[in-house]
Amino acid sequence: MKSPYDLESINSKEKSSESSSVTAIDFLPSLNKSTSGPPITREATQGPVDPGARFPIEYRTLSIHLTSLETKHAHSSGKPGAKGPAKDLASLDWHKISVKDALQRLRVSPRTGLDRDQCSRRLAVDGKNMISAPRSRLLLNILEWFFGGFGSLLFVSAIIAFICWKPLGDPPLTSNLALGVVLLLVLVVQAAFNAWQSLSTSRVMASIQNLLPASVTVLRDGTRQEVPSADLVVGDLVIISMGMKIPADMRIIEGGGLKFDRSILTGESEPIAGTIDKTEDNILETKNIVLQGTHCVSGAGTGLVIQTGDTTVFGRIAKLSAESHPGLTTLQKELLRFVIGVAALAFAIAMTIVICWFAWIKHKFPGYINTSALLIDVISILIAFIPEGLPVAVTISLAKVASTLTDHKILCKSLSIVETLGSVTVLCSDKTGTLTKNQMHVEDCAIYDQSYTSPEFIKRLEASSADASGENLRQLAAVAAICNAAEFDQSKSSEKEAGERAVFGDATDTAILRFSDSIKPVHDSQRPWQEIHKINFNSKTKFMLKISRLLDAGRPAPLASWDDVEEECYLLTSKGAPEVLLPRCSRVLNPNGGVPVPLTQEARAIISNIQESWAADGRRVLLLARKILQNSIIPNLKGEEALVEETINANHNDLIIVGLVAIIDPLKDDIKETVSKCRGAGIRFLVVTGDHPLTSAAIARQAGIITNPTKLIHNVTDLIPNLPKEHVVQYQYPDIGDGRGMKSLVITGPELARLSEVQWDQLTQYDEIVFARTTPEQKLDIVRAFQQRENTVAMTGDGVNDAPSLRAACIGIAMGSGSDVAREAADMVLLDSFSSIIVALEYGRLVYDNLKKSVLYLLPAGSFAELMPVILNVFFGLPQMMSNLQMILICVATDVLPALSLCLEKPEQGLLSRKPRNVRKDHLVDWKLVFQAYVFLGIPETLCANAMAFWYLKRKGVEFSNLARGFGNWPGLTDEDLNHAQSVYFFTLIIMQWGNLLATRSRRLSIFQHKPSSNWFIFPAMACAISLGMFFSYLSFFQKNFQTRGVPIEYYFIPLSFSAALLLIDEARKYVVRNYPNSFVAKMAW
């Protein structure tokens, strides 16, 4: 296969500069081309680290991320073998070939770089080094804004109204024209609100574009040139310098001391060394490939651009983000269900009327309803059933809650995700930095069988400075200082106390550094030793290793008089999880002085007991060890990466245990209250961490997450592998109590990997769970396992490793101090304290509660009471007591502001003491709410409004008996009297809705418990409702075109008494609900 750049050789002058060293070979640009590279799988990186195994690579996370993306891509394509971005990356071999081959493949000279013509041609073929903007969906979005939800029904109704005006109108009625215009105006207003809500969501592309540099230095035409990063092409030679943001995916071809910060992609806080030769078969994990968006933190070199724009790793992620369409949120599903239900019911009733007209009315009462009137009746049915104010109420409610959450330092990336919080049943939380302060300090230390608190150890050292034990005890502080990735801020005064000086590094290293400095100045401990090689601590290896060369003469700590030291001394120091390092050790320091003690089974048991004792108290335990290296191995540390790795593996054993340190990370001050409130709200609060199980369980117990005594806490052995699924005890809220068998469980990541499906079924029914020693892949598995069992899962996290689980969760919650990738993957960001999640949970439930109230308020007058005049008119031959335009005015004018005022209601007392909503069973509009709206509120309103309208006609001399079953033959009824009666009906509904508003403000509390003073917006809303009614009824323009009329004063005050009665009846209902929770009335409560 020929390279597309081979065409450059035709009529090109570039050969003169390249012929001496470069020949064309096949170029493999296709991302779908398969090579011998291994597939990227999550399984390949799961499981515990075998202490005797080779070192896992320092950054494994990126392949996990892209694997999950590949799975999603393949799933969406419908083909198990569909090629996705991760598989494409696995096929690349740029890291495997030599530098010379890479240069030849891209036809570039290492001395002169590309020439101008080459750059122009490649830029024309490949395009700019920019991530393409997602394909515009503006037209589809506009159609969705206008015709989504109730929009299509409103549009069809408007068209029918215009048709009924002309040509069907005989004569054309102005009221039909006005009806069509008003319906279109309502449609435009709803579309505007839909557009606002849609455009308020966050965008992924902007944040990714911000990760790219503006310009870079390249080698072109034999000279260094500054070019815009967007103009980079494949084959460019980029000059890499410290502090530079990498503009494209590159193969390192030259460099010295290069280190790159890959935290944006991998989550590892420590820089990764750059090499010229490959270190891994996986292109995402090898060190001779540097990826776009990462940073060079030290060194300098040259990189060969191998991928630009959309073909880079960042470009692939951006493409997936643009192509992926997230599923509907719980609120969107509820609204869709409501819309479908309303539309189906409206259509059914409308069709019933049409059939009845064709089969009966048209033949028996030929002059009663003509075709135009029938269509207007159909429109009336649609108008009656559609709560036109609901979309506006939804948007305003969500926006108000999102604004309130912002005031509490909580950022929501989309409005509709707010409501999902209210239905959360499982909250998975990290430990460090979430439950704890991430302000670690060394609480205890131990050397072999003697343990001390930090102050006791310092005193012990001072007392033994002159005796034989002193040189052994001093080694702990020395190793703690040498094998450490943290360092004090040298720009600050060195005279400050160690606890006050700023430290650069993670919390664990910082704690150990301060501990060492409290014993002996860290600078003095580190000065005799020069770093030769280092392997940073990460979540895979769970240890740090450093090789150092002795610079000074003598035997500075941690060397001792009994050490066999060569003329040029090299020291290996290691620090990490005891269960990982202990199998690599063969001896342990004697705290009483002298040569180390052999690490017998008894000695191992002593050390393990100390570790477990500390871990049970919530301390994080680390083991420190050392070893003198033979000089003969040192040259191997300067060879190829594979040789270095092999050398270290071969020598990272036979270590001497220097001691143990116990680090404590205190709980946040408000975490106990936060956990208590979550538990009280019926939310299972789970801990998912990479820490030791005993430490994790102890912290969970301190936080109130684990409440069972230790002897009642289950482990993996309590999960029965062959238990029939139907025998699994299901979790129920509220929990039965401490006696429940499946209450508390502590399980580790390696144990999770071996669980069967039925064991997962059992695990997900526990009330209190601590997941310890988990990997990022297992966090993802945990989220999916609970989701598959009908739980609404919230996941908190702050690292890039958490991104897959944050995205997979029903709602991902990132910490404001977390990584950019975590914040991008999350749905919500907590900028301040973790305790603010309680506010988010409360307002998540509040928005759902308030939307139910808004729907309940809109249905009686805006649906039921509007439908009944049409039903009575068609089936009983009565005059229609409410005009079609008045129906619209109720829905989009008089009822809107009161409905919006309900969206501003404060949380009711006890909102967080309820059981979480079951999204599969507890719907926004259920039969209880419909019963309350149509029977308890709708029937009284309809009866009272009809009674007032017919009473008005009776006072005008038109008896009800002359109207019933008249079917157009209504003696004595004039159009003017009918218009007045319709207005009486209209104003009666407006005023009775006041009682509905005051009653609907709370679901169970009395008006004296949930006082109107907590929401002063309801009173202006009530005033606006009657004012709008009067505006459309008393102005001559509307009287002429809308056929509205003013009403006598008594028709304002009598409905007030009806409104008060409605409120009192509902107060009595709430009293029964509160005091007799098992009564029939309570079971019927919405």
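Residues numbered from 1 in each chain as written. Predicted model: local features only at pLDDT ≥ 70, side-chain atom pairs only at ≥ 80, totals over all residues. Heavy atoms only, no water.

If you tally the helices and strands in the protein, you get 38 helices and 26 strands. Burial analysis of the protein (1086 residues in total) assigns 58% to the buried set. For the protein, the share of sequence-separated contacts (at least 6 apart) that also reach a separation of at least 24 residues comes to 76%. Put simply, the protein shows about 44,400 Å² of open surface, and 57% of that area lies on carbon and sulfur atoms. (Helix = DSSP H or I, 4+ residues; strand = E, 2+ residues; numbered from the N terminus. Buried < 20%, exposed > 50% of the residue type's maximum accessible area, 1.4 Å probe, protein only. Contact = heavy atoms within 4.5 Å. Areas by Shrake-Rupley, 256 points an atom, 1.4 Å probe, with all protein chains shown as cover.)

Right, let's talk about the UniProt feature "transmembrane region" (unreviewed entry) in the protein for a bit. UniProt records the feature "transmembrane region" (unreviewed entry) at residues 138–165, 177–196, 338–361, 855–878, 925–953, 1016–1037 and 1049–1065, using the numbering of this structure. Between the C-alpha atoms that bound residues 177–196 there is a distance of 29 Å. The span itself is 100% helix and 0% strand. The straight-line gap between the two end C-alpha atoms of residues 1049–1065 is 26 Å; of that span, 94% is helix and 0% is strand. (UniProt positions renumbered as here; feature names shortened; annotations may be inferred.)

Our next topic: the sheet that holds strand E22 (residues 744–748). What links the strands of a sheet is backbone hydrogen bonding, and the strands pair in either a parallel or an antiparallel sense. The strand order E8-E26-E25-E24-E9-E21-E23-E22 describes an open sheet built from 8 strands, whose pairing is mixed. The sheet terminates laterally at strand E8 (410–412) and E22, the two strands that pair on one side only. Strand after strand, the sheet turns through a mean of 20° between neighbouring axes, direction not considered. Inspection of the sheet shows strand E24 (residues 793–797) paired to strand E25 (residues 811–815) by 4 bridges, in the parallel sense. Bridge pairing in E25 links Met795 to Gly812. Against the sheet, helix H24 (residues 693–703) engages strand E21 (684–688), E22 and strand E23 (768–772), with an angle of about 145° to E23. (Pairing = 2+ DSSP bridges. Axes fitted to C-alpha atoms, helices over the stretch in contact; angles between N-to-C directions.)

Another aspect to go through is the pattern of salt bridges. Evaluation of the coordinates by the stated rule reveals 30 salt bridges. Between Asp563 and Arg626 there is a salt bridge, and its shortest N-O distance comes to 2.8 Å. Here Asp563 is found in the loop between strand E15 (543–550) and strand E16 (570–576), whereas its partner Arg626 is found in strand E19 (residues 620–629), with 63 residues between them in sequence. By relative accessible area, Asp563 is classed as buried at 8%. Residue Arg679 is joined to Glu768 by a salt bridge in which the shortest nitrogen-to-oxygen separation is 2.9 Å. Of this pair, Arg679 sits in helix H23 (residues 671–680) while Glu768 is found in strand E23, placing the two residues 89 residues apart along the sequence. Judged by its relative accessible area of 0%, Glu768 is buried. Salt bridges sharing common partners tie together Arg679, Lys743, Asp767 and Glu768. (Salt bridge = Lys/Arg side-chain N within 4 Å of Asp/Glu carboxyl O.)

Moving on, we come to the packing of helix H34 (residues 975–1000) against helix H35 (residues 1018–1034). For the pair H34 and H35, the least separation of the axes is 10 Å and the interaxial angle reads 175°. With respect to H35, the element H34 is oriented roughly antiparallel. Listed contacts from H35 to Phe986, Phe987, Ile990, Ile991, Trp994, Leu997 and Leu998 of H34 are Ile1018, Met1022, Ala1025, Ile1026, Gly1029, Met1030, Ser1033 and Tyr1034. (Parallel < 35°, antiparallel > 145°, perpendicular 65-115°, else oblique.)

Here we come to the side chain of Asp665. Here Asp665 lies in the loop between strand E20 (655–664) and H23. Overall, Asp665 belongs to the buried group, its relative accessible area being 5%. Among the polar contacts listed, one links the side chain of Asp665 to the side chain of Thr436, at a separation of 2.5 Å. Polar contacts involving the side chain of Asp665 include one to the main-chain amide nitrogen of Lys437, which spans 3.5 Å. (Polar contact = N/O pair within 3.5 Å; in protein donor to acceptor, adjacent residues only side chain to side chain.)

Here we take up the pairing of strand E17 (residues 585–588). In terms of strand pairing, E17 meets E20 through 3 bridges, oriented parallel. Following the sheet pairing, Val588 is matched in E20 by Ile657. Both E17 and strand E18 (residues 597–598) contribute to a ladder of 2 bridges, which runs antiparallel. Looking across to E18, one finds that Val588 is bridged to Val597.

Where strand E4 (residues 249–261) meets strand E7 (residues 295–307), 10 bridges bridge the pair, whose relative direction is antiparallel. By the bridge assignment, Met250 is partnered in E7 with Val305. Bridge count between E4 and strand E6 (residues 289–290): 2 bridges; the pairing is antiparallel. In the sheet register, Met250 faces E6, and the bridge partner there is Val290.

With respect to the helices and strands, Trp994 occurs in helix H34. In the structure, Trp994 is positioned 27 residues away from Ala1021 in sequence and 9.5 Å away in space, judged by C-alpha atoms. In this structure, Trp994 is in contact with Met1022, Ala1025, Ile1026, Leu1056 and Ser1059, ignoring residues within four places of it in sequence.

Another point: the confidence of the model for the protein. Residues with a pLDDT of 70 or more make up 84% of the protein, whose mean pLDDT is 82. In the model, residues 736–740 has pLDDT below 50 throughout and makes 11 contacts with residues more than four positions away in sequence or in other chains. (pLDDT = per-residue confidence, 0-100.)

Attention shifts here to the nonpolar core. Within the largest apolar cluster, 155 residues are counted, with the highest numbers of intra-cluster contacts made by Leu179, Ile381, Leu405 and Leu953. Take this core: its biggest share by element is 23 residues, from helix H30 (residues 836–875). Two domains share this core, each providing at least three of its residues, namely domain 1 (330–403 + 842–1084) and domain 2 (411–436 + 667–831). Ignoring sequence-local partners within four residues, the contact set of Ile381 consists of Ala346, Ile349, Ala350, Ile353, Leu867 and Val870. Counting 32 residues, the second largest nonpolar core, distinct from the first, contains Ala446, Ile547, Cys585 and Leu655. (Core = buried A, V, L, I, M, F, W, Y, C linked by side-chain atoms within 4.5 Å. Domains from an automatic or database assignment.)

With respect to the helices and strands, the residue Leu943 is situated in helix H33 (residues 927–955). Taking the relative accessible area as the measure of exposure, Leu943 reaches 56% and is therefore exposed. Along the chain, Leu943 and Met868 lie 75 residues apart, while their C-alpha atoms are 9.6 Å from each other.

Per the counting criterion, the structure on display carries 25 aromatic pairs. Ring centres of Tyr368 and Trp970 lie 6.0 Å apart, and the angle between their planes is 80°; on these two criteria the pair is classed as edge-to-face. You can see Tyr368 sitting in the loop between helix H12 (330–364) and helix H13 (371–385) and its partner Trp970 sitting in the loop between H33 and H34, a full 602 residues away along the chain. Relative to Phe1038, the ring of Phe1032 has its centre 4.8 Å away and its plane inclined at 70°; by these criteria the two rings are edge-to-face. Each of the two residues, Phe1032 as well as Phe1038, counts as buried. Among the aromatic residues, ring-to-ring pairing joins Trp360, Phe365, Tyr368, Phe967 and Trp970 into one connected group. Positioned above the aromatic ring of Trp94, the side-chain terminus of Arg105 is 4.9 Å from the ring centre. One Lys or Arg, Arg917, reaches over the ring of Tyr848 and ends 3.9 Å from the middle of that ring. (Phe/Tyr/Trp six-rings, centres within 6.5 Å; stacked < 30°, edge-to-face > 60°. Lys NZ or Arg CZ within 6 Å of the ring centre and 35° of its normal.)

Between its terminal C-alpha atoms H34 stretches 37 Å, which fits the 38 Å expected from 26 residues at 1.5 Å a residue. Counting buried residues in H34 gives 24 out of 26 residues, a clear majority hidden from the surface. (Expected span 1.5 Å × (residues − 1).)

A separate point is the side chain of Thr275. With respect to the element layout, Thr275 can be found in the loop between strand E5 (272–273) and E6. With a relative accessible area of 14%, Thr275 lands in the buried category. Side-chain polar atoms of Thr275 contact the backbone oxygen of Asp277, separated by 2.7 Å.

Taken together, the side chains of Leu139, Leu140, Leu143, Phe147, Phe155, Val156, Ile159, Ile163 and Leu168 present a nonpolar region at the surface, about 750 Å² in accessible area. Listing elements by their share of the nonpolar patch, those giving two or more residues are helix H6 (138–147) and helix H7 (151–165). A relative accessible area of 41% means that Leu143 is categorised as partly exposed. (Patch = residues over 30% accessible without salt bridge, like charges linked within 9 Å, V, L, I, M, F, W, Y side chains within 5 Å.)

What follows concerns unusual backbone geometry. Each neighbour pair has its own omega, and for Lys166 with Pro167 the value is 15°, a cis peptide bond. Checked against the element boundaries, Pro167 lands in the loop between H7 and helix H8 (174–199). Ala557 connects to Pro558 through a cis peptide bond whose omega is 15°. Following the sequence through the fold, Pro558 ends up in the loop between E15 and E16.

This part is about the packing of H23 against H30. The description of two helices packed together rests on the angle between their axes and the distance between the axes. Packing of H23 against H30 brings their axes to within 9 Å, and their N-to-C directions diverge by 20°. Relative to H30, the element H23 lies roughly parallel. Judged by the twist between their axes, the crossing of H23 over H30 is left-handed. Within the contact between the two elements, H23 uses Thr674, Lys677 and Cys678 and H30 uses Ile837, Ile838 and Leu841. Its residues assigned to classes, the contact of H23 with H30 comprises 4 nonpolar, 1 polar and 1 charged. (Left-handed = near helix turned anticlockwise from the far one by under 90°. Nonpolar A, V, L, I, M, F, W, Y, C, P; charged D, E, K, R; others polar.)

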